[in-house]
Amino acid sequence: MTHLVFHNNGDGTFTDVSKKCGIAGSPGKGLGIAINDFDGDGWPDIFVANDSVPEQLFRNNRNGTFSEIALLSGLAYDQNGHAFAGMGVDAGDYKNSGWPSVFVNALANQKYKLFQNSKGTFDDVTDSIGLGASTMSHSGWGTKWIDYDNDGWLDLFVAQGHVMDNIELTEPTLHHLEPPLLLKNEQGRFFNVSGGSGSIFTTPISARGAAFGDLDNDGFMDIAINCNDGHAIILRNRGNNGNHWITFNLIGASSNRDAIGAKIRLLTGAGQQTRFVSTAGSYISASEITWPSGIVQRLESVSVDQILTVKEPSR
Ligand SMILES: [Ca+2]
Ligand SMILES: [Ca+2]
Ligand SMILES: [Ca+2]
């Protein structure tokens, strides 16, 4: 199928630019999407998770067009050269290196994949960082990099459940209903902490979509899940572990008002964290916002544990 791109005309109407921008030339079986600046040139690129055909990376050519470069950049196939059932996907700077890596989940027996970004090229590091064993028997859908414990390292949440409701008949070790998965990032290695994170993580459900936000403004990320044939689930993060946080509410002026495409870099005594139009946690002493317009705004001595509204300065 052709992926679709609609240009916002700014007057309440949209124009189909799928062909004009070059994306229609590379059809796929798209189930998930992650938008980030994968090559660090300041322009947002598009990753598409495809089901059982090669994954795709559309590089922004900075002139309204995109080129598909997944094979060249190392994102098209896993480390064994296989395509897989890419479903949920998210991009995040899990190593605090300044570069967004790509997490893609898959069907059972395929492992969830982590493609580590090194200056715009990617390596499948799934097995070397401890993800392979803890995800081999699972099937993942909605997912996101969230720093659930505000320790400055992005962790992974995955809504799970096998696609076939009678999978146990043919593969007794796999399950149609599965609890969600929470993986804690310890300086670039991942550990399954689901067991100690609340009863939902031992409750088998048929989860599909997951949405993330700080619902009660306490600085700790909460999660909403929807399920096949089940009620919606809201997970409140009890947080309260003493770690600091800050939430940015960015308002673009020269850039788009929602600041889509802005990059925030936090500088602390412990190093740096980068986020792409999102919330961020941990202690902070200075931060830098690169707006989509190219304007770079530096904030010094920002207080923690607050929601900070930042308006884009004029040139
Ligand atoms: Ca880019
Ligand atoms: Ca964390
Ligand atoms: Ca919260």
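Reading the values: the criteria
Residues numbered from 1 in each chain as written. Chains lettered and ligands numbered in written order. Predicted model: local features only at pLDDT ≥ 70, side-chain atom pairs only at ≥ 80, totals over all residues. Pairing = 2+ DSSP bridges. Helix = DSSP H or I, 4+ residues; strand = E, 2+ residues; numbered from the N terminus. Axes fitted to C-alpha atoms, helices over the stretch in contact; angles between N-to-C directions. Buried ≥ 20, exposed ≤ 12 C-beta atoms within 10 Å, placed from the backbone. pLDDT = per-residue confidence, 0-100. Contact = placed C-beta atoms within 7 Å.

Novice: Give me the lowdown on the sheet that holds strand E10 (residues 121–124), citing residues and values where you can.
Specialist: The four strands are arranged E7-E8-E9-E10 in an open sheet whose pairing can be described as antiparallel. Two strands bound the open sheet, and with one partner strand each, they are strand E7 (89–92) and E10. Taken over all neighbouring pairs, the strand axes of this sheet differ in orientation by 20 degrees on average, direction set aside. Summarising the sheet, E7 and strand E8 (residues 101–104) pair through four bridges and their orientation is antiparallel. Across the sheet, Gly-92 pairs through a bridge with Ser-101, a residue of E8.

Novice: Explain unusual backbone geometry to me, and be specific about the residues and the numbers.
Specialist: Not every positive phi belongs to a glycine, and Asn-96 is a case in point at roughly 55 degrees. Mapped onto the fold, Asn-96 is located in the loop between E7 and E8. Overall, Asn-96 belongs to the partly exposed group, with 19 C-beta atoms counted inside 10 Å. Positive phi is not limited to glycine here, since Asn-217 has a value of about 55 degrees. Note that Asn-217 resides in the loop between strand E15 (207–213) and strand E16 (222–227). By C-beta crowding, Asn-217 is classed as exposed, having 11 other C-beta atoms within 10 Å.

Novice: Give a detailed account of the confidence of the model for the protein chain, specifying residues and quantitative values.
Specialist: In the predicted model, the protein chain carries a mean pLDDT of 92, and the fraction of residues at 70 or more is 97%. Counting contacts from residues 278–284, a segment whose pLDDT is below 50, to residues more than four positions away or on other chains yields 30 contacts.

Novice: Give me the lowdown on the environment of Leu-75, citing residues and values where you can.
Specialist: Tracing the backbone shows Leu-75 in the loop between helix H1 (70–73) and E7. What makes Leu-75 buried here is the crowd of 26 C-beta atoms within 10 Å. Separated by 48 residues in the primary sequence, Leu-75 and Asp-123 place their C-alpha atoms 7.6 Å from one another.

Novice: Which residues make up the sheet that holds strand E3 (residues 30–36), and what values do they have?
Specialist: What the four strands build is an open sheet, ordered E3-E4-E5-E6; its pairing is antiparallel. At either end of the open sheet lies a strand with only one pairing partner, and these are E3 and strand E6 (66–68). Taking each pair of neighbouring strands and ignoring which way they run, the sheet shows an average axis angle of 20 degrees. In this structure, strand E5 (residues 56–60) lies alongside E6, joined through three bridges in antiparallel fashion. The residue of E6 that forms the bridge with Asn-60 is Phe-66.

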